[in-house]
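# Overview (structure and organization)
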There are 2 protein chains.
Amino acid sequence: MLVNGELDDSISAADRGLLYGDGVFRTLRVTGGQPLHWQRHYRKLQQDCAALALPCPDASLLLEELHRLIASGTDGVAKIIVTRGAGVRGYAPPGNPIPTRILALTPCPPYPGESYTQGVKLRICDLRLSHQPRLAGVKHLNRLENVLAAAEWDDPGIAEGLLLDMGDNVIEGTRSNLFMVSGGALLTPDLSRCGVAGVQRERVLEWAAAHGAPCRIAQFGPGELRAADEIFLVNSIIGLWPVRELLDRSWSYFPFAMQVQEWLSHAPD
Amino acid sequence: MLVNGELDDSISAADRGLLYGDGVFRTLRVTGGQPLHWQRHYRKLQQDCAALALPCPDASLLLEELHRLIASGTDGVAKIIVTRGAGVRGYAPPGNPIPTRILALTPCPPYPGESYTQGVKLRICDLRLSHQPRLAGVKHLNRLENVLAAAEWDDPGIAEGLLLDMGDNVIEGTRSNLFMVSGGALLTPDLSRCGVAGVQRERVLEWAAAHGAPCRIAQFGPGELRAADEIFLVNSIIGLWPVRELLDRSWSYFPFAMQVQEWLSHAPD
């Protein structure tokens, strides 16, 4: 782990990242010693920092530090956290914050191979996401809703929890974005009021545009999702998982999802 | 500063308090070497921990550690943070978390004396609080809404920002609870969907009950607030500030607020 470029595994207990969750983060795959889709992740980091009016560390600095953590040929998961640093007491951000940057590398989680080919089981969480347009889409450090939702089940047979918002619209998984295929078109939830807009979601949207696949950002509920031809989940660590079970429905054939999965794992960017 | 009972000013960069804001906190006054209203603060800490299914450290342990930080006769502000500690990667809380406790003592902020006698200026923030009943009332570490709201102004003549919710209901200040006096009755916002229910708010509600003062937890907007006979703000650090200015209105006479202020600062509990 590197904290502000130093080999360290601790931060100041006066850091605003701890006190208020005043910061943002990214989680990305490292394969063969290379961080995947680095430019996309950095662009999101910049956007998310901007949403909090937080100075974003330079790409070259972060990339240099990432490579100090990554041994040649390594596979793993890299996490980058940027906080507003330590400051005087009180919520008001300091005028000239000195951001804290934390980089960590951990092994890849051992996901079962059949999750990719046969799909995963999805459950609907009781927790409903609140609407906060000022923070929607941003991968910030205020993640208690995700924590509460992920605490709802411990059956290892359930791979992910589906999050609805206060209006019972489908938004995302606790740690993934969601797509459904319906009548030949791809649909993914509108994230303008809540949710995290991830890099893989962006890649799928671009894939659809590049391949002329009808695709819409839309508002839909669990009933429409249940009636979908296919459902799939994406994030930067898992890649793409088709959904094989939700509520009383099951799916075993995911031609659309498999096509996107193939593309996601092989397209250079 | 004490971290888990040791003189330290750093915490693990893998602490869930940093990663997810997965924790709660209290801020309380220390006067003449004694933490004020300790039992109330501890009760709230317990309730807030329970809301997150987080084990709450024993009162005796926290109090012993507080007294190690507080020299005899000291005045100051004590902050207690309890997080879910470090754990494996992912939002799901570990089954047997080892909470992190952080205690810090800082000097009292130098609040001007006239804030207490002549009142303070209050402005309405643009940011609207989101509705999350699962977290409402709880003083947790997900405080980005407060940070964004407090960043909206830097005029030192404005003492506090008023937070409305998505439905334009009055909720609280960025770091205080709010009361208004209208037609001889005391009203304070309903905090069942957002906001933090502080110890001083609880004390005022109990004062009203004990003194037979008509008092209601209610839903009201800025228009009704503007028309109030008096407005006042409370928290455990400032005590009570009457409001002298809001929107185009000003107040200079606060008999009700002054009576509550007198009681709050002298009642033993």
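Residues numbered from 1 in each chain as written. Chains lettered and ligands numbered in written order. Predicted model: local features only at pLDDT ≥ 70, side-chain atom pairs only at ≥ 80, totals over all residues.

### A short note on helix H6 (residues 199–210) of chain B
Residues and elements named next belong to chain B. Let me state the cut-off plainly: The way it works is that DSSP assigns letters per residue, a run of H or I at least four long becomes a helix, a run of E at least two long becomes a strand, and they are numbered from the N terminus. By this rule, a helix spans an expected 1.5 Å times one less than how many residues it contains. Working definition of burial: number of other C-beta atoms within 10 Å of the residue's own, with buried at 20 or more, exposed at 12 or fewer, and partly exposed in between, all C-beta atoms being placed from the backbone. The contact criterion used is a C-beta to C-beta distance within 7 Å, with each C-beta placed from the backbone.
Over its 12 residues, H6 runs 16 Å from end to end, which matches the ideal 16 Å to within 8%, given 1.5 Å per residue. Among the residues of H6, those classed as buried are Val-199, Gln-200, Arg-201, Arg-203 and Val-204. Among the structural elements, helix H2 (38–51), strand S11 (177–182), strand S12 (185–189), strand S14 (230–235) and helix H8 (255–266) are those in contact with the buried residues of H6. After H6 finishes, the residue Gly-212 shows a positive phi value of roughly 65 degrees.

### A few points about the confidence of the model for chain A
Quick note on the threshold: pLDDT measures the predictor's confidence residue by residue and takes values from 0 up to 100.
When pLDDT is averaged along chain A, the result is 97, and 100% of the positions lie at 70 or above. The ipTM for the predicted assembly is 0.97, set against a pTM of 0.97.

### With respect to the domain arrangement of chain A
Residues and elements named next belong to chain A. Which entries qualify depends on this criterion: Segment limits for the domains were obtained from an automatic or database-derived domain assignment. Charged means Asp, Glu, Lys or Arg here, nonpolar means Ala, Val, Leu, Ile, Met, Phe, Trp, Tyr, Cys or Pro, and polar covers whatever is left, Gly included.
The domains assigned to chain A are domain 1 (2–106) and domain 2 (114–266). Placing the centre of domain 1 and that of domain 2 at their C-alpha centroids yields a distance of 26 Å. Across the contact, 17 residues belong to domain 1 and 9 residues belong to domain 2. Counting residues per element, the ones that place at least two in the side of domain 1 that touches domain 2 are strand S4 (23–31) and helix H2 (38–51). Ranked by residues supplied to the side of domain 1 that touches domain 2, first place goes to S4 with 7 residues. Its residues assigned to classes, the side of domain 1 that touches domain 2 shows 6 nonpolar, 6 polar and 5 charged.

### A look at the packing of helix H6 (residues 199–210) of chain A against helix H8 (residues 255–266) of chain A
Residues and elements named next belong to chain A. Stated precisely, the cut-off is as follows: Under this scheme, a helix contributes an axis fitted over its contacting stretch, all axes are lines through C-alpha atoms, and angles between N-to-C directions fall in the 0 to 180 degree range. In these notes the angle categories are as follows: under 35 degrees is roughly parallel, over 145 is roughly antiparallel, 65 to 115 is roughly perpendicular, and the rest is oblique. We call a crossing left-handed when the near helix sits turned anticlockwise from the far one by less than a right angle, and right-handed when that turn is clockwise.
Where H6 meets H8, the axes come as close as 11 Å, and the angle between the chain directions of the two elements is 110 degrees. Judged by the inter-axis angle, H6 sits roughly perpendicular to H8. Judged by the twist between their axes, the crossing of H6 over H8 is right-handed. Residue-level contacts link Gln-200, Arg-203, Val-204 and Trp-207 of H6 to Val-260, Trp-263 and Leu-264 of H8.

### Quick look at unusual backbone geometry
All names here are of chain B. Positive phi, close to 50 degrees, is recorded for Asn-4, a residue that is not glycine. Judged by the 15 C-beta atoms lying within 10 Å of it, Asn-4 is partly exposed. For Leu-247, which is not glycine, the phi dihedral falls at a positive 55 degrees. Within the secondary structure, Leu-247 sits in the loop between strand S15 (239–246) and strand S16 (249–250). Residue Leu-247 is classed as partly exposed on the basis of its C-beta count, with 13 C-beta atoms lying within 10 Å.

### Some thoughts on the sheet that holds strand S4 (residues 23–31) of chain B
Pairing between the strands of a sheet is mediated by backbone hydrogen bonds and can be parallel or antiparallel. Residues and elements named next belong to chain B. Rules: If DSSP finds at least two bridges between two strands, the strands pair.
The 6 strands lie next to each other as S2-S1-S7-S6-S4-S5, forming an open sheet whose pairing is antiparallel. Unpaired on one side and paired on the other, strand S2 (6–7) and strand S5 (34–35) mark the two borders of the sheet. Its contacts with the sheet put H2 on S4, S5 and strand S6 (76–83), and the angle it makes with S4 is roughly 175 degrees. In the packing of helix H3 (residues 59–69) onto the sheet, contacts are made with strand S1 (2–3), S5, S6 and strand S7 (100–106), and the angle to S7 comes to roughly 35 degrees.

### Examining the interface of chain B and chain A
Counting residues at the interface gives 40 residues for chain B and 40 residues for chain A. Listing elements by their share of the side of chain B that touches chain A, those giving two or more residues are strand S3 (10–12), helix H1 (16–20), S7 and helix H5 (144–150) of chain B. Counting residues per element, the side of chain B that touches chain A draws most heavily on H5 of chain B, which supplies 6 residues. Considering only residue class, the side of chain B that touches chain A consists of 21 nonpolar, 12 polar and 7 charged. Of the pairings in the sheet, the one linking strand S3 (residues 10–12) of chain A to S3 of chain B comprises 3 bridges and is antiparallel in character.

### A few points about the pairing of strand S13 (residues 215–218) of chain B
Residues and elements named next belong to chain B. Defined as follows: With its strands directed away from the observer, a crossover is right-handed exactly when the path from the first strand over the helix to the second travels clockwise.
With 4 bridges joining them, S12 and S13 adopt parallel strand pairing. Looking across to S13, one finds that Leu-186 is bridged to Cys-215. Running through H6, the crossover from S12 to the neighbouring parallel element S13 is right-handed.

### Digging into the environment of His-37 of chain B
Residue and element names in this part refer to chain B. The topology assignment puts His-37 in the loop between S5 and H2. Along the primary structure His-37 and Pro-214 are separated by 177 residues, whereas in three dimensions their C-alpha atoms are 24 Å apart. Setting aside residues no more than four positions away along its own chain, His-37 makes contact with Leu-28, Val-199 and Asp-269.

### Notes on the sheet that holds strand S6 (residues 76–83) of chain A
All names here are of chain A. Read across the open sheet, the 6 strands follow the order S2-S1-S7-S6-S4-S5; overall the sheet is antiparallel. For this open sheet the edge positions go to strand S2 (6–7) and strand S5 (34–35), each flanked by a neighbour on one side alone. Bridge count between S4 and S6: 8 bridges; the pairing is antiparallel. Of the residues in S6, the one forming a bridge with Phe-25 is Ile-81.

### Some thoughts on the pairing of S4 of chain A
The element S4 of chain A is largely enclosed, with a buried count of 7 among its 9 residues. Hairpin remark: S4 of chain A followed by S5 of chain A, antiparallel, with 2 residues in the connecting loop; positive phi at Gly-32 of chain A, about 55 degrees.

### Some points on the relation of the copies chain B and chain A
The operation relating the two chain copies consists of a rotation about an axis and a shift along that axis. Filter applied, for reference: For this overlay, a least-squares fit was computed on C-alpha atoms, restricted to residues scoring pLDDT of at least 70 in both copies.
For the pair chain B and chain A, the superposition axis carries a translation of 0.0 Å, the fit reaches an RMSD of 0.0 Å, and the rotation angle comes to 180 degrees. With respect to symmetry, the two chain copies, as superposed, fit the operation of a two-fold axis. Both copies present the same face, since 100% of the interface residues in chain B are matched by interface residues at the equivalent positions in chain A.

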